[in-house]
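# Examining the three-dimensional arrangement
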Amino acid sequence: MHSAVQMHVYTIYFFLAIMLFNLYSVSKEKEFIVLAKRLKFMTPLYHLTNAIVIYTGTIVAFYAQTFSITIALMIPASIFLLVIEIKRYKKMRVIKHDQIELQNEFFVYAKKIYTIEISVIIAVYIISKVF
């Protein structure tokens, strides 16, 4: 049980690191094409890490054989993070290199998305420590 919990926690840290890297990239990168390529590379890693978080969380939850408010919160949080990242990717992939206005809008949108994602992870962590 201890190693499953450890794996789950370390995967969450890695997941948060990916989000922070993406937020940093969106904040610092000025060229949309360069940013789009970087985020396109990071998207599968993001989803793989989220899947591992969900999988290890499921193992820990079933092994503990208890259903708590923390588990009830982590399930929709993981699904929310999955959906919001898919929406971000779909918005990014249709923007062409000559659509400067859409590119500028995407920078603002992506910053909001990554801020929300990081906030969700932190909120789930805080609530899990309270309950």
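Look a little higher up for the structure.
Residues numbered from 1 in each chain as written. Predicted model: local features only at pLDDT ≥ 70, side-chain atom pairs only at ≥ 80, totals over all residues. Heavy atoms only, no water.

### Re the environment of Ile 69
For Ile 69, the location among the structural elements is in helix α3 (residues 69–93). Given the relative accessible area of 48%, Ile 69 is considered partly exposed. Residues Ile 69 and Lys 112, 43 residues apart in the sequence, show an inter-C-alpha distance of 27 Å. (Helix = DSSP H or I, 4+ residues; strand = E, 2+ residues; numbered from the N terminus. Buried < 20%, exposed > 50% of the residue type's maximum accessible area, 1.4 Å probe, protein only.)

### Considering the packing of aromatic side chains
Under the counting rule described, the total for this entry stands at 4 aromatic pairs. The interplanar angle of 85 degrees and the centroid separation of 5.7 Å between the aromatic rings of Phe 32 and Phe 106 together place this pair among those described as edge-to-face. On the criterion of sequence distance, the pair formed by Phe 32 in helix α2 (residues 32–64) and Phe 106 in helix α4 (residues 100–130) is long-range, its members being 74 residues apart. Here the two residues Phe 32 and Phe 106 agree in accessibility, since each one is buried. Aromatic pair Phe 32 and Phe 107: ring centres 6.3 Å apart, planes at 75 degrees, arrangement edge-to-face. Note that Phe 32 is positioned in helix α2 and Phe 107 in helix α4, a separation of 75 residues in sequence. Of the two residues examined, Phe 32 and Phe 107, each falls in the buried class. Geometry around Tyr 109 places Lys 91 over its ring, the cationic atom sitting 4.4 Å from the centre. (Phe/Tyr/Trp six-rings, centres within 6.5 Å; stacked < 30°, edge-to-face > 60°. Lys NZ or Arg CZ within 6 Å of the ring centre and 35° of its normal.)

### Details of the packing of helix α1 (residues 2–28) against α2
Contact geometry of α1 with α2 gives a least axis separation of 9 Å together with a crossing angle of 160 degrees. Classed by the angle they form, the pair α1 and α2 counts as roughly antiparallel. When you trace α1 past α2, the crossing you get is left-handed. Class assignment of the residues belonging to the contact of α1 with α2 gives a composition of 19 nonpolar, 8 polar and 1 charged. (Axes fitted to C-alpha atoms, helices over the stretch in contact; angles between N-to-C directions. Parallel < 35°, antiparallel > 145°, perpendicular 65-115°, else oblique. Left-handed = near helix turned anticlockwise from the far one by under 90°. Nonpolar A, V, L, I, M, F, W, Y, C, P; charged D, E, K, R; others polar.)

### Topic: α2
Its 33 residues give α2 an end-to-end C-alpha distance of 46 Å, which sits within 8% of 48 Å, the value for a rise of 1.5 Å per residue. Bending of α2 peaks at approximately 30 degrees at the position of Met 42, with proline Pro 44 no more than four residues after it. Directly after α2, the chain includes Gln 65, whose backbone phi takes a positive value near 55 degrees. (Expected span 1.5 Å × (residues − 1). Bend = angle between axes of the 7 residues up to and from the residue.)

### Description of α1
Between its terminal C-alpha atoms α1 stretches 39 Å, which fits the 39 Å expected from 27 residues at 1.5 Å a residue. Among the residues of α1, those classed as buried are His 8, Thr 11, Phe 15, Leu 16, Ile 18, Met 19, Asn 22, Ser 25 and Val 26. Buried residues in α1 make contact with α2, α3 and α4. (Contact = heavy atoms within 4.5 Å.)

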